[in-house]
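Understanding the architecture of this molecule
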Amino acid sequence: MKIVQLKRQQQKDWEYLSQKQPLQAPLVLVFGNRFLLEEANVYSEIQTLFPDGHIVFGSTSGDITSEIVDDNSITITAIEFERSQFEIKTSNVLKSGKDSLKTGEALINQFNTEGLKFIFVVAEGSFINGSQLVEGMNTKTTNNTLITGALCGDGDRFEKTLAGYNTAPKEGEIVAIGFYGASLEASFSIHGGWSPFGPMRIVTKSNANILYELDGQPALDLYKKYLGEKSKALPGAALLYPLNVKTKEEKQSIVRTILNINEADNSMILAGDIPENSKVQLMMTNIDNIANASEKAAKQALSTRQNEPELALLVSCIGRKLVLDQRVEEEIEEVVDVLGKSTTICGLYSYGEIAPFHGEKNCKLHNQTMTVTLISE
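Residues numbered from 1 in each chain as written. Predicted model: local features only at pLDDT ≥ 70, side-chain atom pairs only at ≥ 80, totals over all residues. Heavy atoms only, no water.

Brief notes about the overall build of the protein chain
Scanning the protein chain for helices and strands turns up eight helices and 26 strands. Taking 377 residues into account, the globule formula puts the C-alpha radius of gyration at 21 Å, and the protein chain, at 20 Å, falls close to it. The buried share of the protein chain, reckoned over its 377 residues, is 57%. Taking the contacts inside the protein chain whose residues are at least 6 apart along the sequence as the reference set, 79% of them involve residues at least 24 apart. Here the protein chain has roughly 15300 Å² of accessible surface; of this, 45% comes from carbon and sulfur atoms. Averaged over its 36 positive side-chain charges, the protein chain has a centre that lies 4 Å from the centre of its 48 negative ones. (Helix = DSSP H or I, 4+ residues; strand = E, 2+ residues; numbered from the N terminus. Rg over C-alpha atoms; globule rule 2.2 N^0.38 Å. Buried < 20%, exposed > 50% of the residue type's maximum accessible area, 1.4 Å probe, protein only. Contact = heavy atoms within 4.5 Å. Areas by Shrake-Rupley, 256 points an atom, 1.4 Å probe, with all protein chains shown as cover. Lys, Arg positive; Asp, Glu negative; His and termini not counted. Charge placed at Lys NZ, Arg CZ, Asp CG, Glu CD.)

Structure representation (structure tokens):
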């Protein structure tokens, strides 16, 4: 595996973060600020750098390397696989006319499943119902294929997100990269570091990812009551106080971020589904807990491997970034300390993290977690 990393700040030239070397038909992961990805020449500019590259775009709430978390840049990680193969499939939730479940099914159906070991998903994060997307993908996977990935971000603006493959990035796009090869090894882990507090309540009225009532009372009213003065900063303040959701069907709890609120009907729009009769609690965290969780995720992903990882794909949540604030690099430093300098770090802060629970096979949509995926060939 050969890897080249570059970064470009706004109105500046590309800077190599690693040794410059020629690559053949590389996978080119381009993560960056949404406004920079909207620039008219961004695709042609990157195509000039990698003429035979397979270029995958994703907008972020901060792009990640081993050195920095950057809000106002584009980061390129170009990978030449020497003993493995990959293929890339796309769908667009705005153009296909399919719901999120059917979109997930159709996306995975495009792959040749023979020898398929791992899929990394870069999905738009504005329109998709992430819970339904991963459920659809799960129904079509075979042979215990691992799926991890991200819902793209847009800082803390929540205006629109962009993704794309071999074209200028656009809204509604979902890109899936399938990896093949006898020697390819992919491992993963996730950890959050958030703790529930306050009373546990029952979801008495919801529809998909919209929460209307808790214990028969308007959900937004209750949420505001617990936030107190901080409720004036909604919906942004909600990223600091997600919900812990436990359903009868799942063995483990899922963390759900509140993306928006609707004052008209006192409802809250979550990043994923929240079924009726679920049990929910508010959650909170601190900087040390977040950093420790990232360290745990890296150690757990590393512990299950046979070979040293060459590439680490990190997906963390915008809510974690807001808590960390000026100390945001600390959770990345914890991962780097575990993996060592020989592993290339590439990733993004997202609106949702895609991965199974540790020890399980089907992927889930998570919020407020650090997801670490390690790859070698």
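There's more to say after this.
What about the pairing of strand E9 (residues 116–123)?
The element E9 is largely enclosed, with a buried count of seven among its eight residues. Where E9 lies against strand E12 (residues 173–180), seven bridges are found, and the strand directions are antiparallel. Residue pairing in the sheet places Val121 in a bridge with Ala176 of E12. In this structure, E9 lies alongside strand E10 (residues 146–151), joined through six bridges in parallel fashion. (Pairing = 2+ DSSP bridges.)

Some points on the packing of aromatic side chains
Taken as a whole and assessed by the stated rule, the structure comprises seven aromatic pairs. Between the aromatic rings of Phe197 and Tyr241, the centroid separation amounts to 6.4 Å while the plane-to-plane angle is 70°, which identifies the pairing as edge-to-face. Here the residue Phe197 occupies a position in strand E14 (residues 195–207), and Tyr241 occupies one in the loop between helix H5 (219–227) and strand E17 (243–246), the gap between them amounting to 44 residues. For Tyr241, a relative accessible area of 13% puts it in the buried group. An aromatic cluster of three or more residues is present, and its members are Phe81, Phe86, Phe118, Phe120 and Phe179. The ring of Tyr212 has Lys205 sitting right over it, with the charged end atom 5.2 Å from the ring centre. (Phe/Tyr/Trp six-rings, centres within 6.5 Å; stacked < 30°, edge-to-face > 60°. Lys NZ or Arg CZ within 6 Å of the ring centre and 35° of its normal.)

Some points on the side chain of Thr285
By the element assignment, Thr285 lies in the loop between strand E21 (279–284) and helix H6 (287–303). Separated by 2.7 Å, the side chain of Thr285 and the backbone oxygen of Gly193 make a polar contact. Ignoring any residue separated from it by four or fewer positions in sequence, one finds Thr285 in contact with Gly193, Trp194, Ile290 and Val323. (Polar contact = N/O pair within 3.5 Å; in protein donor to acceptor, adjacent residues only side chain to side chain.)

Here's the deal with unusual backbone geometry
Of note, the bond from Leu234 into Pro235 is cis; its omega dihedral lies within 30 degrees of zero at 0°. In this structure, Pro235 sits in the loop between H5 and E17. The phi angle at Gln368 is positive, at roughly 65°, despite the residue not being glycine. As for its placement among the helices and strands, Gln368 is situated in the loop between strand E25 (364–366) and strand E26 (370–376). By relative accessible area, Gln368 is classed as buried at 0%.

A word on the nonpolar core
Ranked by size, the top nonpolar core spans 32 residues in total, and within it Leu27, Leu29, Phe120, Ile177 and Phe179 carry the most contacts. Going through the elements one at a time, strand E3 (27–32), strand E8 (85–92), E9, E10, E12, strand E13 (185–191), strand E22 (311–317) and strand E23 (344–350) are the ones with two or more residues in this core. The residues touching Leu27, leaving out its near neighbours within four places in the chain, are His54, Val56, Thr77, Ala78, Ile79, Phe81, Phe86, Ile88, Ile177 and Phe179. (Core = buried A, V, L, I, M, F, W, Y, C linked by side-chain atoms within 4.5 Å.)

Section: the sheet that holds E8
Strand order in the open sheet formed by six strands is E8-E12-E9-E10-E24-E25, and the pairing between neighbours is mixed. Both edges of this open sheet fall to E8 and E25, since each of them pairs with a single strand only. Adjacent strand axes in the sheet meet at a mean angle of 15° when their direction is disregarded. Docked against the sheet, helix H3 (residues 100–109) engages E8, E9, E10 and E12, running at close to 150° with respect to E8. Packed onto the sheet, helix H4 (residues 130–140) meets E9, E10, E12, strand E24 (352–355) and E25 and runs at close to 155° relative to E25. (Axes fitted to C-alpha atoms, helices over the stretch in contact; angles between N-to-C directions.)

Examining helix H8 (residues 329–339)
Along H8, the residues classified as buried are Glu331, Ile332, Val335, Val336 and Leu339. The arc that holds the buried residues of H8, viewed along the axis, is 140°, so those residues lie on one side. One or two positions beyond H8, positive phi appears at Gly340, with a value near 90°. (Arc of directions from axis to C-beta.)

Structural notes on the sheet that holds E3
If you walk across this open sheet you meet the six strands as E2-E1-E7-E3-E4-E11, and the pairing is mixed. One side of each edge strand has no neighbouring strand; the edge strands of this open sheet are strand E2 (15–16) and strand E11 (163–165). Examined bridge by bridge, strand E1 (residues 2–9) and strand E7 (residues 73–80) share eight bridges and lie antiparallel to one another. The residue of E7 that forms the bridge with Val4 is Ala78.

Let's talk about the environment of Arg34
Looking at the element boundaries, Arg34 is found in helix H1 (residues 34–37). In the structure, Arg34 is positioned 129 residues away from Ala163 in sequence and 9.6 Å away in space, judged by C-alpha atoms. Each residue touching Arg34, except ones within four places of it in the same chain, is listed here: Ser59, Asp154, Arg157, Glu159, Lys160 and Leu162. Of the polar contacts made by the side chain of Arg34, one reaches the side chain of Glu159; its length is 2.5 Å.

That is the geometry; function is a separate question.
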